[in-house]
Amino acid sequence: MNMNLWIAALETSEASASSGTLPFYLIGLWILILASFTGLEIISKVPPTLHTPLMSGANAISGITVVGALYCVFSDVGTMAQVLGFLAIVLATVNVVGGFMVTDRMLAMFGSKKKGGKS
Amino acid sequence: MITPTIAAMDTTLIEQLVYMASAFFFVTGLKKLTKVKTARAGNRMASIAMLVAVLMTVYLVAFKGQFHGDSVEAIKASIPWMVGGLVVGGLIGIFLAKKVEMTEMPELVAFFNGMGGASSLFVALATVVAFGSGAVSIGSEQTLSAFKGGDISLSIGLSILIGSVTLTGSLVAYAKLSGKMWKNRFGPVGTPGLNILLAVAAIGLVVFGGFLATGAMSTTAFLILTAVALFLGVGLVVPIGGADMPVVISLLNSYSGIAAAMTGFILQNNLLIVAGMLVGAAGLILTQIMCKAMNRSLSNVLFAKFGEDDGEKGDTEYKGVTSTSAEELAPLLEAASKVIIVPGYGLAVAQAQHKCRELGDLLEATGIDVSYGIHPVAGRMPGHMNVLLAEADVAYEKLFDLDQINGEFKNAEIVIVIGANDVCNPEAYDNPASPIAGMPVLDVWDAQTVIVIKRSLSAGYAGIKNPLFERDNCLMFFGDAKQALEDMVTEFKDL
């Protein structure tokens, strides 16, 4: 697999698949499709009790974009890009930390009860 | 030789394995979140997956610096920004999560969701800006697709588009849910015509910015795209009624996942694609589940069939309504052997869940069988009522689904409907022309006596009359849910 596609693209100013390996976006599309089916499959049955916590938990996971944001704060990409990157980190972290914590708060209340009848 | 967009695939085996473990825990965590017993562990698992991913990334960027040529200064300079961003965002998140009231949960989720969308938007914009100003920048005669490849160009455009729509859409949903905004129209904003125009313009700009425009023009196109998409987000959500916001947030949640996956394509990071699409797909399923619970099709929600005017729907005139008081109700309750409580939106708004539990406990103490019938959309979002009652320490086994409780109403002497309306409207069965025809409702009228605690006879979200209130076995107790329950508790104790 061409590990340096991105760097190569930078240096040659064009994305070339000349090495004969799959470009990232094709691998990415495979992953995208499989992850989508996984997501559809694991959520298909959920009791109404958990609709709210599940939504807020899934919401926190969508803050994964924080990982992308962390790549964006180098000083030599220009101040503007750096500020945008910083904002991206802050906002994604609000989403992640707040989302997981508030979900835990909700679920803790459920947990304090004896687990009995469904829903 | 500088770019903020770095291939995660450039990392070594161990680093890949760590990201993989993170993806594994996201999937397992989400799976566990769908079962009551394991939900809390699932949420923790997902949060650990996130922590691992973040720490790995910080380590890769700051300490290995392998993504960044050899500019040590730039690496060093980036550390405070990364750590600062995480600390600031973390503190804000902790503050909001700690201080929120359980009744405010829907708007908080909407707000967080908007932040996630904004983050994807900013990552894409940072990339665009960096391409325009970094050491290796786009040539003035060059299109972005020639510079970076068509896949990156398209991903950037889509990330901006979806991220922007998620941001403003969620903020409008937040405003509506927190009661800061009720209007469904602001001039032309939100009209189908304008929305279509904006959507077409947005798609055009994605193509133009990524594949046709050259040099600085490409950057400009993406900035215009941002503005257009931000407007589109507002326009899409403004016409939708407050009661449908849960469906909308759920859908926007799905969008924010997809936006994150798109940034995964920009940054060539598998983990972003996996986690993003998990949420994207899960959000779609949740949207579908919620639509079903409200007996609405998604298109019906999105293109607002009812509640599309500024409230004030249908004059609901009632005849022969029997109103009652706490003093009259107390002996009635005392004589009962089985009481079913049906809590609704009004209870959530009045924060009356604790009073509700108090009354329930009181009745039980005198040997009355008390159970709770929960409509799937009771409260301010699906599942919200369960959270509120759990907060008030109502035991789990007393809460029953629509299907479980509907056969029980005929055995109950008394049903107490607290701040609910549409979810117990017989029109759903009796009137095929009704907007709620076919919606699953609670058959409260089967009980000997139905006590409805409500502020007034005003219509619910569906904007229609509820003939239940005119029935002979229905007693209306007008008032704020909390106050009314308090009065009932006092009167009952005084017996």
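A quick note: this is a predicted structure, and the numbers were derived from the prediction, not measured.

1. Focus: the overall build of chain A
Then step 1. Summing up its helical and strand segments, chain A has five helices and zero strands in all.
Then step 2. Ordering the α and β elements of chain A from the N terminus gives α-α-α-α-α.
Then step 3. Going through the 119 residues of chain A one by one, you find that 57% of them count as buried.
Then step 4. In chain A, the proportion of contacts linking residues at least 24 apart, taken out of those at least 6 apart, comes to 57%.

2. Brief notes about the overall build of chain B
Then step 1. Regarding its fold elements, chain B presents 18 helices and seven strands.
Then step 2. Principal axes of the C-alpha set define a box for chain B whose edges measure 80 × 45 × 30 Å.
Then step 3. Across the 495 residues that make up chain B, the buried fraction comes to 59%.
Then step 4. Looking at chain B alone, contacts between residues at least 24 apart form 77% of all its contacts between residues at least 6 apart.
Then step 5. When the 32 positive and 42 negative side-chain charges of chain B are each reduced to one mean point, those points stand 7 Å apart.

3. Quick look at the packing of aromatic side chains
All names here are of chain B.
Then step 1. Summed over the entire model, instances satisfying the criterion amount to eight aromatic pairs over all chains.
Then step 2. Between F111 and F112 the ring centres are 6.3 Å apart and the planes differ by 50°, which places this aromatic pair in the tilted class.
Then step 3. With 5.6 Å between their ring centres and 90° between their planes, F131 and F147 make a pair best called edge-to-face. Of this pair, F131 sits in helix α4 (residues 105-133) while F147 sits in helix α5 (residues 144-148); the two residues are 16 residues apart in sequence, bridging distant segments of the chain. For the pair F131 and F147, one class covers both residues: buried.
Then step 4. In textbook terms, an aromatic cluster arises when at least three aromatic residues are bridged by ring pairs, as seen for F111, F112 and Y174.
Then step 5. Over the aromatic face of F147 sits the side chain of K148, whose NZ or CZ is 4.6 Å from the ring centroid.
Then step 6. For K465, the ring lying beneath its charged end belongs to Y318, and the centroid distance is 5.4 Å.

4. Some thoughts on a nonpolar patch on the surface
All names here are of chain B.
Then step 1. Residues L154, I203, V207, F208, F211, L212 and M217 make up a contiguous nonpolar surface patch of about 620 Å² in total accessible area.
Then step 2. Mapped onto the elements of the fold, L212 is located in helix α7 (residues 192-212).
Then step 3. Residue class for L212 comes out exposed when judged on its relative accessible area of 54%.

5. What about the interface of chain B and chain A?
The parts lose accessible area when they come together, and the size of an interface is often stated as this lost area.
Then step 1. Facing 132 residues of chain B, the contacting portion of chain A comprises 98 residues.
Then step 2. Taking both sides of the interface into account, the surface hidden between chain B and chain A amounts to around 10,100 Å²; carbon and sulfur atoms contribute 75%.
Then step 3. In the side of chain B that touches chain A, the residues fall into 82 nonpolar, 36 polar and 14 charged.

6. Points about the pattern of salt bridges
Residue and element names in this part refer to chain B.
Then step 1. Taken as a whole, this structure holds 12 salt bridges over all chains when the rule is applied.
Then step 2. Between E358 and K355 there is a salt bridge, with the nearest N and O atoms lying 2.9 Å from each other. Within this pair, E358 and its partner K355 are both found in helix α14 (residues 353-365), separated by three residues, close to a single helical turn.
Then step 3. One network of salt bridges, with partners in common, ties together K355, E358, E486 and K493.

7. Remarks on the environment of F477 of chain B
All names here are of chain B.
Then step 1. Tracing the sequence through the fold places F477 in strand β7 (residues 474-478).
Then step 2. We classify F477 as buried; its relative accessible area is 6%.
Then step 3. C-alpha of F477 to C-alpha of T324: the two residues are 153 residues apart in sequence and 5.2 Å apart in space.
Then step 4. Those residues within four positions of F477 in sequence are excluded, and the remaining contacts are T324, S325, A326, L329, I451, V452, I453, K454, A484 and M488.

8. Topic: the sheet that holds strand β4 (residues 399-400) of chain B
All names here are of chain B.
Then step 1. The strand order β1-β7-β6-β5-β2-β3-β4 describes an open sheet built from seven strands, whose pairing is parallel. Taken across any chain shown, the strands that pair with only one partner, and hence form the sheet edges, are β1 (322-323) and β4.
Then step 2. The pairing of strand β6 (residues 449-454) with β7 spans five bridges and is classified as parallel. Paired with V452 across the bridge in β7 is M476.
Then step 3. Contacts from helix α12 (residues 326-335) reach β1, β2 (338-343), β5 (414-418), β6 and β7 within the one sheet, and its direction differs from that of β7 by about 135°.

9. Re the domain arrangement of chain B
Residues and elements named next belong to chain B.
Then step 1. The assigned domain composition of chain B is domain 1 (1-99), domain 2 (103-312) and domain 3 (322-494).
Then step 2. In this structure, domain 2 and domain 3 have C-alpha centres spaced 39 Å apart.
Then step 3. Contact residues are listed per partner, giving 16 residues for domain 2 and 19 residues for domain 3.
Then step 4. Taken together, both faces of the contact between domain 2 and domain 3 bury some 1,400 Å²; the carbon and sulfur share is 68%.

10. Observations concerning the nonpolar core
Then step 1. Of all hydrophobic cores here, the largest spans 201 residues; its most connected members are I64 of chain A together with F26, L30, I416 and V444 of chain B.
Then step 2. The contact partners of L30 of chain B, leaving out residues within four places of it in the chain, are I42, I43, L54, A58 and I61 of chain A together with L278 and A282 of chain B.

11. Brief notes about the pairing of β2 of chain B
All names here are of chain B.
Then step 1. Burial analysis of β2 places six of its six residues in the buried class, the great majority of the element.
Then step 2. Neither face of β2 is open: one carries K338, I340 and V342, the other V339, I341 and P343, and all of them are buried.
Then step 3. Across four bridges, β2 lies against strand β3 (residues 369-373) in parallel orientation. Counterpart to V339 in the pairing with β3 is V370.
Then step 4. Taken together, the five bridges between β2 and β5 define a ladder with parallel strand orientation. The residue bridging I340 from the neighbouring strand is V415, located in β5.

12. Observations regarding the pairing of β3 of chain B
Then step 1. Within β3 of chain B, four of the five residues are buried, which leaves it mostly tucked inside the rest of the structure.
Then step 2. Of the crossover connections in this fold, the one passing from β3 of chain B over helix α15 (residues 384-391) of chain B to the parallel β4 of chain B is right-handed.

13. Side note on the state of the cysteines
All names here are of chain B.
Then step 1. Taken as a whole and assessed by the stated rule, the structure comprises zero disulfides over all chains.
Then step 2. In this model C474 remains outside any disulfide bridge; the closest cysteine sulfur is found in C424, 8.4 Å from its own.
Then step 3. The class for C474 is buried, based on a relative accessible area of 0%.

Criteria and thresholds
Residues numbered from 1 in each chain as written. Chains lettered and ligands numbered in written order. Predicted model: local features only at pLDDT ≥ 70, side-chain atom pairs only at ≥ 80, totals over all residues. Heavy atoms only, no water. Helix = DSSP H or I, 4+ residues; strand = E, 2+ residues; numbered from the N terminus. Buried < 20%, exposed > 50% of the residue type's maximum accessible area, 1.4 Å probe, protein only. Contact = heavy atoms within 4.5 Å. Lys, Arg positive; Asp, Glu negative; His and termini not counted. Charge placed at Lys NZ, Arg CZ, Asp CG, Glu CD. Phe/Tyr/Trp six-rings, centres within 6.5 Å; stacked < 30°, edge-to-face > 60°. Lys NZ or Arg CZ within 6 Å of the ring centre and 35° of its normal. Patch = residues over 30% accessible without salt bridge, like charges linked within 9 Å, V, L, I, M, F, W, Y side chains within 5 Å. Areas by Shrake-Rupley, 256 points an atom, 1.4 Å probe, with all protein chains shown as cover. Salt bridge = Lys/Arg side-chain N within 4 Å of Asp/Glu carboxyl O. Buried area = accessible area lost by both parts, 1.4 Å probe. Nonpolar A, V, L, I, M, F, W, Y, C, P; charged D, E, K, R; others polar. Pairing = 2+ DSSP bridges. Axes fitted to C-alpha atoms, helices over the stretch in contact; angles between N-to-C directions. Domains from an automatic or database assignment. Core = buried A, V, L, I, M, F, W, Y, C linked by side-chain atoms within 4.5 Å. Right-handed = clockwise from strand over helix to strand, strands pointing away. Disulfide = S-S within 2.5 Å.

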